[in-house]
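# Chain and residue survey
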Amino acid sequence: MNKTWVIVRKDWAEVFKNRFVLFTVAFLPLILTALPLIILYATRSTSDLGGFSSADMPAGFASLCMEMSGGECMQYFIVSQFMLLFMLMPMAIPVTIASYSIVGEKTTRTLEPVLATPVTTFELLAGKALAAAIPAVVVTWLGFAVFAVGARVLSPSPNVAARLLDPLWLIAIFIVGPLLAVAAVSVAVMVSSRANDPRVAEQLSMLVILPLLAAFFGQISGLFFINQTLILWMAAGLVVVDSGLLAFATHIFQRETILTRWK
Amino acid sequence: MIQTEDLTKRFGDILAVDRLTLSVEAGEVFGFLGPNGAGKTTTIRLLTALIAPTSGNAKVAGCKVGQEDGKIRRRVGILTESPGLYDRLSAERNLDFFARLYEVDDVDGQIERYLRMLGLWDRRHEEAGIFSRGMRQKLAIARALLHEPQVLFLDEPTSGLDPEAARLVRDFIGGLKREGRTIFICTHNLDEADRLCDRIAIINTRLLALDTPSALRRQLYERTVVFHLRQAEPRFVHRLQTLSFVRSVREMDNKLVVAIDDPEKHNPTIIRTLVEAGADIQFVGELRRTLEDVYLRLVGMEDGETN
């Protein structure tokens, strides 16, 4: 069996015995899936938003609405903000697990026996990263599946329901989401291998979600809007960034420093 | 099986291991003694390819440290200072993880073999976190043996264990010795080293002595025979001092403490001399120096030199 996968399986067996970790993995998707559905339910009649026209939308967004009515466009605008939150999920969920991965093993003194095995640094870090990223991506996809079904049921407007499942969303959730997860956990594992306290590692690792939060507020304030071109560029850029981050994390992982300098 | 030549490790300005040169033969149980901070754990980490030497060379199981580290890690087993077990995983799951990292062919078979050998088979499904210290140590030893390493490194194998658990672990190491395994033991327990080890190295950053326990005792101390008398008198001492092979004689609480080179040859002469002088001999015995005496003397001499 591939050693990376051996590490993934061990980390899952260990981490998911902790109910609090299970809770942290499940809580955010539950909230972020329920919220847009509640909004769709609350605005299920577009006549509730009938007073709105495309002119009320941020200029860049109105062009995305095309043939939608003003109310539909507003409903789409509100709910589409959650696309970024669905992209945020695979970043935010695994950071806690990933940031603890190396420094946690050091503090419980389980790291030295692992480093004494023939496992390579890349296999170790990739295993740690995947162990954190895969559950986050899976729960994000599950959350999105629930959202997609719920949106069909709750949105009376076929226009809005169709737009919520268009290629832009599908690329965002199924391609960019996992790539963002890998980026986040790579940074978190890197921080974890350099920090000497799990709390410091977690706090520093959480900073990785800041760019996406900035994008969220940028879109709300109308500074820019994520369209298909931008999302494809993001995906391409993330492939490069992820490869670079994993290579860099492997490069800066100092076995000797970890074993001899950390207390 | 292990050869080092001028092996040196520095951490910044701190010299942890200084030009260590030694060799350990296949099938040998080699003890590594020294005070805290003497460089014992650092040496084990160097020889198991966990850290790189600053200078010097070392070969372990036929592989050069620093050049064939992956091969070394495959060929050696290590019991680290702390057992380092995953507390939330069962004993079996702990071993399964390491067996797969070591690419063991028969994972289940090896796990069963060592859990049975160490008396943990019936508790294989229990979490390691609830195990006693002795059981944890045994599980960690099983982990170090799963891939049948050519050399086994044990760092303080009985440290912190109660006497019963320590004896269990010691007996198990004794069993491994009888199987002909090459074992490198770091320990503070001098009695343990004396009983288990074929040869012993005493270090305090640099190598102070290396030999068999009995040879180390001989190097530092003359052989001494104690004659228990009913009543010791100064004339007995004077008579013994006239014998050419007697190096020294001390009278102490009706005992004569006699230093000689070859007690087996000269004891009958001494006994005859004492009886002729009118002494009533009750017992005769050799004063055995412990390894602790040797260790404390060597480390004390080293500290004296340093200061």
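Residues numbered from 1 in each chain as written. Chains lettered and ligands numbered in written order. Predicted model: local features only at pLDDT ≥ 70, side-chain atom pairs only at ≥ 80, totals over all residues. Heavy atoms only, no water.

### With respect to the overall build of chain A
Quick reminder of the rule: Labels follow the DSSP assignment, with helices taken as runs of H or I lasting at least four residues and strands as runs of E lasting at least two, numbered in each case from the N terminus. Relative accessibility decides the category of a residue: with a 1.4 Å probe and only protein chains considered, values under 20% of the type maximum give buried, values over 50% give exposed, and everything between is partly exposed. By the convention used here, residues are in contact when the closest approach between their heavy atoms is within 4.5 Å.
Each helix and strand in chain A was counted, giving twelve helices and zero strands. Starting at the N terminus, the α and β elements of chain A follow one another as α-α-α-α-α-α-α-α-α-α-α-α. Across the 263 residues in chain A, those meeting the buried criterion constitute 55%. Long-range contacts, defined as pairs at least 24 residues apart, comprise 83% of the intrachain contacts of chain A with a sequence gap of at least 6.

### With respect to the overall build of chain B
We apply this condition: Using C-alpha atoms as the atom set, the radius of gyration is obtained and then compared with a globule rule of 2.2 Å times the number of residues to the power 0.38. For every accessible area listed, the method is Shrake-Rupley and the probe measures 1.4 Å; residues are considered covered only by the protein chains on display. This count recognises Lys and Arg as positive and Asp and Glu as negative, with His and chain-terminal groups excluded. Charge coordinates come from a single atom per side chain, which is NZ of Lys, CZ of Arg, CG of Asp or CD of Glu.
Check the secondary structure of chain B and you find eleven helices and 14 strands. Its C-alpha atoms give chain B a radius of gyration of 24 Å, more than 25% over the compact-globule value 19 Å for 307 residues. Projected onto the principal axes, the alpha-carbon positions of chain B cover approximately 75 × 45 × 30 Å. Of all intrachain contacts in chain B linking residues separated by at least 6 positions in sequence, the fraction that spans at least 24 positions is 68%. Accessible area for chain B stands at about 14,000 Å²; split by element, carbon and sulfur atoms hold 44% of it. Considering chain B, the positive charge centre built from 44 side chains and the negative charge centre built from 47 side chains are found 1 Å apart.

### Side note on the environment of Val191(A)
All names here are of chain A. Assignment of secondary structure puts Val191 in helix H8 (residues 167-194). Assessed through its relative accessible area of 18%, Val191 is described here as buried. Each C-alpha atom of the pair Val191 and Ala98 lies 9.2 Å from the other, and the pair is 93 residues apart in sequence. If sequence neighbours within four positions are ignored, Val191 has contacts with Ala201, Leu204 and Ser205.

### Focus on the pattern of salt bridges
Residue and element names in this part refer to chain A. Rules: Each reported salt bridge corresponds to a side-chain nitrogen of Lys or Arg within 4 Å of a carboxyl oxygen of Asp or Glu.
Throughout the structure, instances matching the rule amount to 25 salt bridges over all chains. Note that Lys10 is salt-bridged to Asp11, the shortest N-O span being 2.7 Å. Like Lys10, the residue Asp11 is buried in the burial classification. In this structure, the salt-bridge partner of Glu105 is Lys128, at a minimum N-O distance of 2.5 Å. With Glu105 in helix H4 (residues 70-107) and Lys128 in helix H6 (residues 121-154), the pair connects residues that are 23 residues apart, well separated along the chain. On the accessibility criterion, Glu105 (6% relative accessible area) is buried. Each of the salt bridges in this network shares a partner with another, and the network as a whole consists of Lys10, Asp11, Glu14, Glu105 and Lys128.

### A closer look at the interface of chain A and chain B
Quick note on the threshold: The buried area of a pairing is the accessible area, by a 1.4 Å probe, that goes missing from both parts when the two are put together, added over both. Two N or O atoms form a polar contact when they lie within 3.5 Å of each other; inside protein one atom must be a possible hydrogen donor and the other a possible acceptor, and for residues adjacent in sequence the pair counts only when both atoms belong to side chains. Under the grouping applied here, Gly and all other residues not named as nonpolar or charged are polar, the nonpolar ones being Ala, Val, Leu, Ile, Met, Phe, Trp, Tyr, Cys and Pro and the charged ones Asp, Glu, Lys and Arg.
In this complex, chain A contributes 27 residues to the contact, which on the side of chain B involves 27 residues. Regarding the contact of chain A and chain B, the summed buried area is about 2,700 Å², with carbon and sulfur atoms giving 63% of it. Run the count over chain A and chain B and you get four salt bridges. Two residues, Glu103(B) and Lys3(A), come together in a salt bridge whose shortest N-O distance is 2.6 Å. If you look at where chain A meets chain B, you find seven residue pairs in polar contact (both at pLDDT 80 or more). For the side of chain A that touches chain B, the secondary structure elements donating two or more residues are helix H1 (3-15), helix H5 (111-115) and helix H12 (255-260) of chain A. If one sorts the elements of the side of chain A that touches chain B by residue count, H1(A) sits on top with seven residues. Residues of the side of chain A that touches chain B, tallied by class, amount to eleven nonpolar, five polar and eleven charged.

### Quick look at the pairing of strand S12 (residues 246-252) of chain B
Residue and element names in this part refer to chain B. For the record, the criterion: If DSSP finds at least two bridges between two strands, the strands pair.
Here S12 pairs with strand S13 (residues 255-260) via six bridges, running antiparallel. Of the residues in S13, the one forming a bridge with Ser248 is Ala259. Count of turn residues in the S12/S13 antiparallel hairpin: two residues, of which Asp253 carries a positive phi of about 50°.

### A word on the sheet that holds strand S6 (residues 76-79) of chain B
All names here are of chain B. Stated formally: Where helices are involved, their axes are fitted lines through C-alpha atoms of the stretch in contact, as for all axes, and angles between N-to-C directions lie from 0 to 180°.
Read across the open sheet, the six strands follow the order S6-S7-S8-S3-S9-S10; overall the sheet is mixed. At either margin of the open sheet sits one strand with a lone partner, and together these are S6 and strand S10 (206-211). Between one strand and the next, the sheet's axes are offset by a mean angle of 15°, whatever the strand orientation. Relative to strand S9 (residues 199-204), strand S3 (residues 29-33) is paired through four bridges, and the arrangement is parallel. When the sheet's bridge partners are listed, Gly31 is paired in S9 with Ile200. Lying over the sheet, helix H1 (residues 40-47) contacts S3, S6, strand S7 (151-155), strand S8 (182-186) and S9, oriented at roughly 155° with respect to S7. In the packing of helix H6 (residues 163-178) onto the sheet, contacts are made with S3, S7 and S8, and the angle to S8 comes to roughly 150°.

### Observations concerning the side chain of Arg181(B)
Residues and elements named next belong to chain B. Tracing the backbone shows Arg181 in the loop between H6 and S8. Among the residues examined, Arg181 registers a relative accessible area of 12% and is labelled buried. Here the side chain of Arg181 touches Tyr114 through a polar contact of 2.8 Å, side chain to side chain. One polar contact links Arg181 to Glu148, side chain to side chain, over a distance of 3.2 Å. When sequence neighbours within four positions are dropped, the list of residues in contact with Arg181 reads Gly27, Glu28, Val29, Arg113, Tyr114, Leu145, Glu148, Pro149 and Leu176.

### Section: the packing of H1(A) against helix H3 (residues 91-101) of chain B
For clarity, the cut-off: An angle counts as roughly parallel when it lies under 35 degrees, as roughly antiparallel when it exceeds 145, as roughly perpendicular when it falls between 65 and 115, and as oblique in every other case. Each helix crossing is assigned a hand: it is left-handed if the near helix lies turned anticlockwise from the far helix by less than a right angle, otherwise right-handed if that turn is clockwise.
Closest axis-to-axis distance for the H1(A)/H3(B) pair is 9 Å, and the angle between their directions is 165°. The angle between the axes of H1(A) and H3(B) places the two elements in the roughly antiparallel class. H1(A) and H3(B) meet at a crossing whose hand is left-handed. Residues Lys3(A), Val6(A), Ile7(A), Arg9(A), Lys10(A) and Ala13(A) of H1(A) lie in contact with H3(B), whose contacting residues are Arg93(B), Phe97(B), Arg100(B) and Leu101(B). Its residues assigned to classes, the contact of H1(A) with H3(B) shows five nonpolar, no polar and five charged.

These figures capture arrangement, not role.
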